[in-house]
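Structural description and commentary
Here are the chains, one letter per residue:
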Amino acid sequence: MGKKQKKEVEQSPKDTKILNSLIIESKNVQTVILMLDSPEDEILLKACEAMYKFSEKGDENKLTLLTLGAIPKLTKLIAHEDKQIHKFATMTIGVMATHSEVRKSMRQLDFLPSIIACLAPEEDVVVQELATLCLASMSIDFTSKIEIFEKGGLEPLISLLSSPDPDVQKNSIECISNLIQEVLVRAAFTEITGIIPLLDLLNSEYPVIQHLTLQTLITMSRDSDSRTALFQNEGHENFLRVLDNPELSDLHADILQVLANCLEEPDNVMYIRQSGALEKFLLFVTSSTHPESQKHAAKAIARSARNREIRHILHQEGVENALQLLLGVNNDEIRAAAAEAISVMCEDEASKESFRAEGIFRLVPMLMSDNEELREAVNVAIANLTTDNSNNIDAVFDTKGVEPLVKSLHDSRDTIVASAATTITNLALQEHIRGSILSYGAMTMIVEPLRSNNTLVQSKAALVVASLACDVNGRTELRNAGGLEPLVELLHSDNDEVRRNACWAVLVCGKDEPTTHELCKLGALEILQEINQSSSRRNSFSEVAVNRLLDYNSSLKYTLNGYLSSNDIIGDGFYDPGRIKPNEKILTLEEFSNQDLNLHRPILLINAKKTNEIQMAITSAEDKVIEVLATASGRNVPSRLSSRDKSSKGRSRGKKEEEKMKEGEILQIKAEEEEKNKPWEAPYDVTFDSYISEITRNILQLPSTRDQIVSLAFFVSDKMGGPIDLEMLHEFFWELHIAELKHELTSNVIPIGKIEKGIYYHRALLFKALADRIGINCSLVRGDYNRAWNEVMLINPPSQDGIEHLIPPKAYIVDLMHQVGHLMMVDSAEAAHYKVCTGCPHRHCKCCKQISYRRVHIEENK
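Figured I'd write up the structure that's included with this text. (Residues numbered from 1 in each chain as written. Predicted model: local features only at pLDDT ≥ 70, side-chain atom pairs only at ≥ 80, totals over all residues. Heavy atoms only, no water.)

So, the overall build of the chain
Within the chain, the regular secondary structure consists of 50 helices and eight strands. Per-residue burial over the chain gives 48% buried out of 862 residues. Nonlocal contacts in the chain, meaning residues at least 24 apart in sequence, comprise 66% of its contacts between residues at least 6 apart. Carbon together with sulfur atoms contributes 50% to the accessible area of the chain, which is approximately 44200 Å² in total. (Helix = DSSP H or I, 4+ residues; strand = E, 2+ residues; numbered from the N terminus. Buried < 20%, exposed > 50% of the residue type's maximum accessible area, 1.4 Å probe, protein only. Contact = heavy atoms within 4.5 Å. Areas by Shrake-Rupley, 256 points an atom, 1.4 Å probe, with all protein chains shown as cover.)

So, in structure tokens, the structure goes:
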């Protein structure tokens with residue numbers, strides 16, 4: 001080489017890639033790539049061979065060839081007539097395809113048919129190896145999978161599974177494993193009978209081929225047709241041989257997964273049962289020394305047992321014993337898988353019975369395991385075991401399962417909380433167990449699940465409340481723990497099951513007045529009414545829950561329904577705000593009391609309960625009387641004081657007076673603070689209280705109910721202004737009297753005893769309130785135009801011959817306004833007249849019979 005040539009070499013760039021394998025005058029990579037366009041085969045061969053060696057050295061070289069545009073040139077040379085050029089071009093493309101960026105470029109080229117052609121049996125093994133390597137790499141991408149299949153690449157790949165070369169086998173099975181991810185390819189693979197050569201690869205001496213084969217079988221076994229083909233070709237025999245071989249323990253987990261998929265077909269289960277393979281499988285489950293295999297075996301049972309027919313077969317084969325043995329293995333993953341399988345098997349009632357003794361005994365202690373997966377599986381299993389099975393409920397209780405179940409309500413996993421709640425609901429069906437559940441604070445623990453954002457947890461928590469709130473102690477604990485508020489919030493849920501169970505819980509909680517009062521205060525009644533107005537949201541419990549809440553709140557019941565039956569007792573604190581508009585909120589008595597004076601209808605109050613202040617004043621007065629009487633009956637002996645005592649007393653008197661003044665100021669401040677902080681109390685109606693005492697003395701002792709009713713009617717009429725002639729009703733200025741009372745009391749709330757001029761609805765309310773105090777059964781009905789009346793049930797008096805006829809009692813309306821004490825048959829014309837007539841001047845009124853007449857008379861009277 002001359003000086004001029006040496007100088008040119010020395011001036012070449014430092015970053016130029018040098019190919020030592022090709023002895024030509026220029027060793028630049030780009031120059032070699034240009035040589036791929038040469039028409040001379042010898043140059044092409046040397047260039048392809050150099051490309052292959054260069055690309056094998058690393059990913060950086062592959063990217064260099066990609067950047068310099070070598071890929072299109074190489075793909076064209078795959079189909080070259082010269083076998084050596086064809087070989088090295090194919091080998092280079094095979095190596096290059098292992099790089100993801102190169103594959104992206106290759107997808108733009110139509111070279112796959114040429115690569116698939118390299119799979120022919122007559123091709124060199126090395127060509128087959130690198131061609132299958134290229135297809136295995138390309139099949140990673142979705143678009144290439146479809147193209148390989150559509151270009152006919154599946155069948156030659158299946159043929160190469162029987163190749164004597166392990167590298168060809170490995171690449172072929174890897175490519176097939178990728179291709180069968182698509183459903184169409186799986187179906188075609190089964191039709192081409194690719195199952196047989198695939199099963200033969202399980203006997204390969206190369207672990208990588210065995211693992212790839214099992215991954216392919218796992219995917220294939222997802223399809224019903226493929227599962228059937230596996231068993232038709234005795235695939236289960238191949239699987240059992242692998243399981244029986246301890247040296248192949250690393251394959252057991254994958255084999256069991258294939259079996260699990262295959263066992264989803266009832267026909268396959270019957271087949272392996274008849275061949276005895278199922279018994280071997282269950283024996284392997286309990287005797288294997290490989291934890292991973294046992295875990296997958298239990299999962300296989302769980303998956304196959306979801307089919308009812310298979311579940312029945314597994315029960316007949318005694319799968320319960322195998323699962324119970326797995327619960328005793330000192331491995332949390334195995335025990336969790338076994339518990340999961342038990343949960344599924346519990347759908348068979350016979351299996352539930354099989355797990356009662358040993359199964360529940362082993363499961364309960366695991367409720368408090370440190371392993372979350374195990375706790376979850378065990379909670380689900382126990383929930384299923386105790387559903388509709390009283391014997392298993394007793395077994396859980398006997399193994400001291402109540403306390404850990406209650407503690408599980410505060411677990412961090414929603415599935416555990418929901419399952420524990422389900423089990424507690426099941427256990428609460430037994431009365432003796434319910435008391436034990438409450439003793440561990442279940443109602444306090446359930447408050448947090450009620451606030452959960454998970455609808456399943458919300459639903460199950462509401463069921464716990466429904467199952468435990470039937471006990472008064474349970475309701476008290478829930479109320480004190482603040483559980484009613486989140487329960488009422490669940491009524492707003494858009495989830496039908498959550499809303500339904502919340503309505504059920506509210507229905508059960510509304511069994512006592514304190515809880516009902518708190519529920520109404522939280523707005524439960526309004527929400528339930530809103531639910532009942534929606535055809536899509538209401539349910540069987542929402543309607544009953546409204547009635548239950550109203551049963552313990554007669555004020556709301558009368559306001560909403562305008563009717564109180566004889567079973568609805570008016571007690572202290574009852575108030576009548578009158579008829580309300582639809583969807584109008586019903587205020588509490590305290591809220592009405594705090595309103596400014598207005599021109600609306602007054603709120604009538606029934607309350608004979610003394611306030612705390614009055615009670616304390618009475619007690620204090622009684623104490624003073626006792627003290628005076630005691631002093632009067634004793635001796636009053638004057639004390640004799642010495643002059644020294646008198647003088648010392650005089651000197652200390654000033655200090656004591658100062659101390660008393662300070663104490664008085666402190667007491668006054670405390671009294672003012674107590675006055676601000678003391679709870680609101682309904683005003684005591686002393687007059688109504690005296691009414692009760694009076695009727696108790698004079699009316700209660702009357703011999704018959706009829707006499708008591710008539711006497712009480714006269715009593716009420718007398719207290720409310722006496723009888724009023726219907727034609728003179730317009731001169732009975734009761735409105736003025738009511739207005740004066742409101743201004744006198746500076747309140748919209750008027751105690752019933754204050755009213756001295758009352759009409760229908762005042763008198764009817766007073767009659768009902770007093771009748772309830774002395775045990776007279778009567779109802780209260782609200783009518784229109786300030787009307788209300790009382791209905792009583794009476795038996796007709798004995799006939800003239802003195803014989804009492806056993807006939808059903810009849811309903812009567814009591815006249816409290818006009819012919820006081822007169823009893824009118826409910827369905828009579830005079831009763832209808834009493835209900836609606838506003839005092840028309842006509843002697844023979846027809847308003848009780850014809851609505852049009854009634855309207856005319858009303859307009860005339862106006």
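With respect to the pairing of strand β7 (residues 810-814)
Where strand β6 (residues 788-794) meets β7, four bridges bridge the pair, whose relative direction is antiparallel. Residue pairing across strands places Leu-794 opposite Lys-810, the latter belonging to β7. Alignment of β7 against strand β8 (residues 823-825), held across three bridges, turns out to be antiparallel. Bridge assignment links Val-814 to a residue of β8, and that residue is Leu-823. (Pairing = 2+ DSSP bridges.)

Quick notes on the pairing of β6
Here β6 lies mainly inside the structure; five of its seven residues are buried. Bridge count for strand β5 (residues 778-782) against β6 is five bridges, and the pairing is antiparallel. Each residue of the ladder has a partner; that of Arg-782, found in β6, is Ala-788. Hairpin geometry of β5 and β6 is characterised by an intervening segment of five residues between the two adjacent antiparallel strands and by a positive phi of about 55° at Tyr-785.

Topic: the pattern of salt bridges
Taken as a whole and assessed by the stated rule, the structure comprises 39 salt bridges. Here Asp-572 and Arg-773 are joined by a salt bridge, their closest N and O atoms 2.7 Å apart. Of this pair, Asp-572 sits in the loop between β1 (563-564) and β2 (574-576) while Arg-773 sits in helix α48 (residues 760-773), and the two are 201 residues apart along the sequence. (Salt bridge = Lys/Arg side-chain N within 4 Å of Asp/Glu carboxyl O.)

A short note on the sheet that holds β2
Pairing is mixed across the open sheet formed by three strands, whose spatial order is β2-β3-β4. Edge strands, defined here as strands with exactly one partner in the open sheet, are β2 and β4 (749-751). The average angle at which neighbouring strand axes cross in this sheet is 30°, direction not considered. Direction of pairing for strand β3 (residues 603-606) relative to β4: parallel, over a ladder of three bridges. Each bridged residue has a counterpart across the sheet, and for Leu-605 the counterpart in β4 is Pro-751. (Axes fitted to C-alpha atoms, helices over the stretch in contact; angles between N-to-C directions.)

Focus: the sheet that holds β7
Strand order in the open sheet formed by five strands is β1-β5-β6-β7-β8, and the pairing between neighbours is antiparallel. Two strands in the sheet have a free side with no partner beyond their single neighbour: β1 and β8. Pairing analysis gives two bridges linking β1 to β5, with the strands arranged antiparallel. Directly across from Leu-564, in β5, lies its bridge partner Leu-780. Those strands touched by helix α46 (residues 705-719) are β6, β7 and β8, and its axis lies near 165° from that of β6. The strands touched by α48 are β1, β5, β6 and β7; relative to β6, the strand with the most contacts, the crossing angle is about 40°.

So, the packing of helix α18 (residues 249-262) against helix α21 (residues 291-304)
The geometry of α18 relative to α21 is characterised by a closest axis approach of 8 Å and an angle of 0° between their N-to-C directions. For the element pair α18 / α21, the angle class is roughly parallel. For the pair formed by α18 and α21, the contact residues are Ser-249, His-252, Ala-253, Leu-256, Gln-257, Ala-260 and Asn-261 on the first element and Glu-292, Ser-293, His-296, Ala-297, Ala-300, Arg-303 and Ser-304 on the second. Of the residues assigned to the contact of α18 with α21, the class counts are five nonpolar, seven polar and two charged. (Parallel < 35°, antiparallel > 145°, perpendicular 65-115°, else oblique. Nonpolar A, V, L, I, M, F, W, Y, C, P; charged D, E, K, R; others polar.)

As for the nonpolar core
Ranked by internal contacts, the top residues of the largest apolar core, which has 188 residues, are Phe-281, Ile-437, Val-465 and Leu-491. No other element matches the nine residues that helix α24 (residues 332-345) contributes to this core. Among all residues touching Ile-437, those that are not within four sequence positions of it are Val-402, Val-406, Ile-424, Leu-427, Ala-428, Ala-442 and Leu-468. Residues Leu-564, Ala-713, Leu-766 and Ala-788 belong to the second largest nonpolar core, which totals 57 residues. (Core = buried A, V, L, I, M, F, W, Y, C linked by side-chain atoms within 4.5 Å.)

Overview of helix α27 (residues 372-386)
Every α-helical turn comprises 3.6 residues, leaving residues that sit three or four positions apart pointing alike. With 15 residues, α27 extends 21 Å from end C-alpha to end C-alpha; this agrees with the ideal 21 Å at 1.5 Å per step. All buried positions along α27 are accounted for by Leu-374, Arg-375, Ala-377, Val-378, Asn-379, Ala-381, Ile-382, Ala-383, Leu-385 and Thr-386. Looking at the buried positions of α27, the neighbouring elements they touch are α24, α25 (349-354), α26 (358-363), α28 (390-398), α29 (402-407) and α30 (414-427). You can read the cap of α27 off the contacts: a side-chain oxygen lies 2.9 Å from the backbone nitrogen of Glu-373, and it is on Asn-371. Count one or two residues on from α27 and you reach Asp-388, which has phi positive near 55°. (Expected span 1.5 Å × (residues − 1). Polar contact = N/O pair within 3.5 Å; in protein donor to acceptor, adjacent residues only side chain to side chain.)

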